[in-house]
Every structure is written in structure tokens, then in C-alpha cells.
Amino acid sequence: MPVHRSGKTFAGVALAALALLLPLSLPGAANAADTEAAPPRGSAHMGMGVIEHDGRHGTPGMPRAVQTEGVDVSSHQGNVAWSTLWNSGVKWAYVKATEGTYYKNPYFAQQYNGSYNVGMIRGAYHFATPDTTTGAAQADYFVDNGGGWSKDGRTLPGALDIEWNPYGATCYGKSQSAMVTWIRDFLNRYKARTGRDAVIYTATSWWTQCTGNYAGFGASNPLWIARYASTVGTLPAGWPYYTMWQYTSTGPTVGDHNHFNGDLSRVQALANG
């Protein structure tokens, strides 16, 4: 009968449609989507987790004390227009050199030498991945691939970028004490290789969560704080003041802009050691 045949056809179509939908709800499909959403190794850059975790709460007004403008760059910026930045008042820069022990910034030479050539005081930074290799191994990789220091008056000490893990667990699967040990190993090896105490770049919320707000580095390692707001806010334990403050990721030429806590002579003093 025609009615009977029509019912069978409708049921078949419904079952086929259901079969097409079922794979979307399987655990494997969800995991594949999560994997695809993770950024590729090497793509991390300074401050990439700030807005997601801490938000954006305005920008600083006119500073009451003298501040010196700087930028930080990575491969995301490609070849940077350093003359434009210099003419806008930017006087110092940090350039991503390395990540883990597996990545070197392919634009490092243009960025590191280009900033120097227009007159800036510049340094290099390392994006830490404490879940991949030891702190000492990453410090060696950093120094061997652009993160060294020389007393030429134009080279800032290397910076350790230690912040949210863009590839997995926020604290890289480490306990607070293990994280402190990893950071200490990096800093000790960097100083042994260069004679300088590295700058620590971090955010107060991450530092509190992942190190237990450890206060032991404030006496020797300059603090570079990340906070996109009208004020710098509470600093991590052990640091009575910040040396640098990354206050925005939406600058006009290069997104990441920073205040150095002092005039240009203080930037020069940090470079000279």
C-alpha cells in the first residue's frame, strides 16, 4: 500500500539523518576539536593569556612619574617598522628569541637588529614551557639563540616570559614548589652564562596560582608585570615595585606596549648592569 511504503521511506530518512549526527557527540570527535583549537607549538607570545584570564580594564592615564615607552614583539609582527615606532616615542624593545628548546623566532634578526639600528635599547625574551624540558636546558637554548647579554649600553638582560600555558594545563602540570624550582633553575643558569639576573615577566594572578605567590626572586630579578588596566594593581609577593609594565596589546603600530618605570637613563642603567 502507498501509505505503508511512505512510512518506511520516512523512517529510513530519519535513521540516516540520526547516523550523520551521532559522530558529532562521540568523545573522540570532541577531543579532535579541542586539539584543533590548540595553537601550534612556537606560536606563544608575551601576554597572549592576559585578556582571557585577567581581562582588560582600561588603559593608564597620564603617569605621575616619568615613564619610558617600549614594545615587545614576536614572529606575529613579522618585519617591524622600527623607524615608525622610534618616531612615535618608543625607546626600548624586547624581541622573542626562543620558546622551550624547540623554537627560534624566524624574524629575530630583523627585529633585534632593526630596533638597535634605529637607536633603541633592546633585549630578548624566552617563552617558558616548563612541561617540556628543564629550566637549565631552556636557559642554555635561550642564550645560544639570541638571549645573551653584552655590556654595550644598548642590550637589556634577557627576560623569562612565564605565564599561562597556551598549549594545556595552566601551570604546566607542576606543583607550586616544582614551578619555583624550575624558575630558579632557569634564572641560575642564565646568570651563570651571562653574568646578569634575568627579568621576570608574569601576571600576578598566574604567579599566585602557579608559584603560591613565591617572594624569593624580588631582591634580584627585575619585575615586568602584565596588566591591561588603568593601574598596575597588586604586584606579586617580593617585589615592592615594577620595572616594566605591559599595559596594552592594542598599540597603534605594534600591539604590545609597555611603560618602563623611570626615564631613559634608568633603561640605560638596566642595560649596563
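Residues numbered from 1 in each chain as written. Predicted model: local features only at pLDDT ≥ 70, side-chain atom pairs only at ≥ 80, totals over all residues. Heavy atoms only, no water.

For the rest of this paragraph, the subject is the side chain of Gln111. Take Gln111: it is sitting in helix α5 (residues 108-117). A polar contact is formed between the side chain of Gln111 and the backbone oxygen of Ser74, at a distance of 2.8 Å. The contact partners of Gln111, leaving out residues within four places of it in the chain, are Val73, Ser74, Ser75, Gln77, Gly78, Val80, Trp82, Val95 and Asn105. (Helix = DSSP H or I, 4+ residues; strand = E, 2+ residues; numbered from the N terminus. Polar contact = N/O pair within 3.5 Å; in protein donor to acceptor, adjacent residues only side chain to side chain. Contact = heavy atoms within 4.5 Å.)

This part covers the side chain of Glu69. Relative to the helices and strands, Glu69 resides in strand β1 (residues 68-73). Buried and unpaired, Glu69 has Lys91 as its nearest opposite-charge partner, separated by 11 Å. Apart from residues lying up to four places away in sequence, Glu69 is in contact with Gly89, Val90, Lys91, Trp92, Tyr247, His257, Asn258 and His259. (Buried < 20%, exposed > 50% of the residue type's maximum accessible area, 1.4 Å probe, protein only. Lys, Arg positive; Asp, Glu negative; His and termini not counted. Salt bridge = Lys/Arg side-chain N within 4 Å of Asp/Glu carboxyl O.)

Once that is clear, we can look at the pattern of salt bridges. Under the counting rule described, the total for this entry stands at 6 salt bridges. For Arg41, the salt bridge goes to Asp131, with nearest N and O atoms at 3.6 Å. You can see Arg41 sitting in the loop between α2 (27-37) and α3 (50-54) and its partner Asp131 sitting in the loop between β4 (121-127) and α6 (135-147), a full 90 residues away along the chain. Given the relative accessible area of 37%, Asp131 is considered partly exposed. The residue Asp140 makes a salt bridge to Arg193 at a minimum N-O spacing of 2.8 Å. Taken together, the positions of Asp140 in helix α6 and Arg193 in helix α7 (residues 176-194) put the pair 53 residues apart, joining distant regions of the chain.

Quick look at the state of the cysteines now. Scanning all chains against the criterion turns up 1 disulfide. What pairs with Cys171 in a disulfide is Cys210, and their sulfur atoms sit 1.9 Å apart. Taking the sign of the torsion about the S-S bond as the criterion, the disulfide between Cys171 and Cys210, at about -75°, is left-handed. Note that Cys171 is positioned in the loop between β5 (159-161) and α7 and Cys210 in helix α8 (residues 204-211), a separation of 39 residues in sequence. (Disulfide = S-S within 2.5 Å.)

Interpretation in functional terms is not warranted from these geometric data alone.
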